[in-house]
There are 2 protein chains.
Amino acid sequence: MKEGDGMNRAIGVIDSGVGGLTVAYELMRQLPNEQMIYVGDTLRCPYGPRPAHEVKQFTTEIVRFLLKKDIKMIVIACNTATAFALEDLKKELDIPILGVIQPGARAAIKSTINNKIGVIGTEGTIYSQAYVKALKQINYELMVTTLACPSFVPMVEKGILEGKQAEKVVSQSLKQLKHIQSIDTLVLGCTHYPLLEKTIQRVIGSHIQIISSSEETAREASAILQEHHLLAQNTRKNEHCFYVTGNLQDFMKIYQTVFKENLEVLNGSTIGKVNL
Amino acid sequence: MKEGDGMNRAIGVIDSGVGGLTVAYELMRQLPNEQMIYVGDTLRCPYGPRPAHEVKQFTTEIVRFLLKKDIKMIVIACNTATAFALEDLKKELDIPILGVIQPGARAAIKSTINNKIGVIGTEGTIYSQAYVKALKQINYELMVTTLACPSFVPMVEKGILEGKQAEKVVSQSLKQLKHIQSIDTLVLGCTHYPLLEKTIQRVIGSHIQIISSSEETAREASAILQEHHLLAQNTRKNEHCFYVTGNLQDFMKIYQTVFKENLEVLNGSTIGKVNL
């Protein structure tokens, strides 16, 4: 692809379920001139507990679907899919592709003062060691401590984001994060977790800086688009497309549970079901 | 240049005077595996009040010097030089080149909630409208208000960073920033200003988020290096090179005045005088 061509084509966003909507939301907020084509694999989510080869296969299927839509860039808005599929896809594609792990790692490196960073995520993401690798590739002297929090995603999808129950679950999980007393930065290494940010902050205390991969990924997408001369030049409001592989009503229901205050995201967008 | 080649070559850093050391410091902190070759044009600083063609010429001279050192990337660690020279240099060079304006703009866009952003900088930077263009290119609906603060750089170079005198100068200048009551984000659009950050924050109040282009540029340099497969693979501590065009003793004196607490930056580095 010649750089600078097709800057007004859409950005493809890959999500395993609905967590990646936090990334899509930030992309729309930070890059309002861009058009988004989002695919949520709600039929087969969550990816977190699945084996690597399955996550790779599912992600590749969504990439193929998006490539037919003539997109200019892909954002993998799921930590598990990033951990298992990003490196191979980078080699195969001739358009830029960005995951959520490296932007989060970079923001944590900017934020930390004592070089002690915690990362929480799904089992898949944590056991893949993708964050540890991304962080240590840039600074091998960092102390990185990680924890899988499998109870967070089901809770978020039930819409339990704050209150006593949420605090109890978060507090019990984070007790197991080694060296939690000494870290100064905690990366939310799952796209669902920004929805629990207030509760997590309350549990860990205000002295620990929380990094949301979702916000950081949107910001880095902006930098990568600019580097490739692909920032949209049109200033009209774009119509986004949201596709899901599962039941549409279920998606809308979870969406409304999770994004109570941000319903305007879907306004003026096309929403449809897709078979991959 | 073939991507992935020469990842262990140095990053060239261009500074008009000593302000860019705030960027060099962040590059060393956030990218400790990288080697830096810094050039500070202390003989001809400040660039702020100079005409565009002169700033372009001086910057190009430093670029030529750095290219002979076989660098892999250039960071223009000066807002004025970025405003006047970046676009042309981008077209001419076959290695990545990054200025301080776009990273700061992008961080401001991530930070703002009410889409009202203030930018302060030198006369050159502010009158060039470079920040307004960078911000509006990404989101044309932003309200951007700017102010040149020509009294800040001389004050910083005298080592006056905090206290009554600093507060008086900052307060008198910022009074002239239109809509200061409504902005929620203020970009420090000059590499000297992060040294005044505490004073500026005290004057404007804690409700306004301050964005330091220096920190953000180091972070974006990391993303661009990774995108081009140019992140250093070695994990040894690198020896940096600092070149200045003016008097070496003067540089060390200003350096020590300004970086009281960060003297270790220069430890183990080569420091020399250069004629461009």
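Structure first, text after, so check above.
Residues numbered from 1 in each chain as written. Chains lettered and ligands numbered in written order. Predicted model: local features only at pLDDT ≥ 70, side-chain atom pairs only at ≥ 80, totals over all residues.

### Regarding the overall build of chain A
- Looking only at helices and strands, chain A features 11 helices and 10 strands.
- Since a compact globule built from 276 residues should have a radius of gyration of about 19 Å, the 18 Å found for chain A is in line with a globular shape.
- Its C-alpha atoms put chain A at 50 × 40 × 35 Å along the principal axes.
- Taking all 276 residues of chain A together, 51% fall into the buried category.
- For chain A, long-range pairs separated by at least 24 residues make up 79% of all intrachain contacts whose partners lie at least 6 apart in sequence. (Helix = DSSP H or I, 4+ residues; strand = E, 2+ residues; numbered from the N terminus. Rg over C-alpha atoms; globule rule 2.2 N^0.38 Å. Buried ≥ 20, exposed ≤ 12 C-beta atoms within 10 Å, placed from the backbone. Contact = placed C-beta atoms within 7 Å.)

### Some words on the packing of helix H4 (residues 101-111) of chain A against helix H10 (residues 213-227) of chain A
Residue and element names in this part refer to chain A.
- Between H4 and H10, the shortest axis-to-axis distance is 8 Å and the interhelical angle comes to 100 degrees. Of the possible angle classes, the one that applies to H4 and H10 is roughly perpendicular. The segment H4 lies against H10, with Pro-103, Gly-104 and Ala-107 engaging Ser-213, Glu-216, Thr-217, Arg-219 and Glu-220.
- Its residues assigned to classes, the contact of H4 with H10 shows two nonpolar, three polar and three charged. (Axes fitted to C-alpha atoms, helices over the stretch in contact; angles between N-to-C directions. Parallel < 35°, antiparallel > 145°, perpendicular 65-115°, else oblique. Nonpolar A, V, L, I, M, F, W, Y, C, P; charged D, E, K, R; others polar.)

### Quick notes on helix H3 (residues 79-92) of chain B
- Spanning 14 residues, H3 of chain B covers 20 Å between terminal C-alpha atoms, matching the ideal 20 Å at 1.5 Å per step.
- All of the buried residues along H3 of chain B are Asn-79, Thr-80, Ala-81, Thr-82, Ala-83, Phe-84, Ala-85 and Leu-86 of chain B. (Expected span 1.5 Å × (residues − 1).)

### Focus on the packing of H10 of chain A against helix H10 (residues 213-227) of chain B
- Put simply, H10 of chain A and H10 of chain B touch, their axes get as near as 10 Å, and they point 55 degrees apart. Classified by the angle between their axes, H10 of chain A and H10 of chain B sit oblique to one another. Considering only the axes of H10 of chain A and H10 of chain B, their crossing is right-handed. Residue-level inspection shows Glu-220, Ala-223, Ile-224 and Glu-227 of chain A of H10 of chain A in contact with H10 of chain B, the latter providing Glu-220, Ala-223, Ile-224 and Glu-227 of chain B. (Left-handed = near helix turned anticlockwise from the far one by under 90°.)

### Remarks on the pairing of strand S6 (residues 143-148) of chain A
Residue and element names in this part refer to chain A.
- Here S6 shows one buried face, formed by Val-144, Thr-146 and Ala-148, and one open face, formed by Met-143, Thr-145 and Leu-147.
- As paired elements, strand S5 (residues 116-121) and S6 share six bridges and run parallel to each other. The residue bridging Lys-116 from the neighbouring strand is Met-143, located in S6. (Pairing = 2+ DSSP bridges.)

### Brief notes about the environment of Thr-112 of chain B
- Summarising the element assignment, Thr-112 of chain B is placed in the loop between helix H4 (101-111) and strand S5 (116-121).
- Placed 30 residues apart in sequence, Thr-112 of chain B and Leu-142 of chain B show a C-alpha to C-alpha distance of 9.5 Å.

### Details of the interface of chain B and chain A
- Taken together, the contacts link 22 residues of chain B with 22 residues of chain A.
- Contributing elements (two or more residues each) for the side of chain B that touches chain A: H4, helix H6 (130-138) and H10 of chain B.
- Broken down by element, the side of chain B that touches chain A gets its largest block of residues, eight residues, from H10 of chain B.
- Here the residues of the side of chain B that touches chain A are counted per class, giving eight nonpolar, seven polar and seven charged.

### Description of the relation of the copies chain B and chain A
- Laying chain B over chain A is done by rotating through 180 degrees and shifting 0.0 Å along the axis; what remains is an RMSD of 0.0 Å. When the rotation and shift are considered jointly, the pair of chain copies conforms to a two-fold rotation axis.
- Looking at the interface residues of chain B, 100% of them are also at the interface in chain A, so both copies use one shared face. (Least-squares fit on C-alpha atoms with pLDDT ≥ 70 in both.)

### Describing H4 of chain A
- Across the 11 residues that make up H4 of chain A, a large majority, 10, are buried.
- Turning to H4 of chain A, its buried residues are Ile-101, Gln-102, Pro-103, Gly-104, Ala-105, Arg-106, Ala-107, Ala-108, Ile-109 and Lys-110 of chain A.

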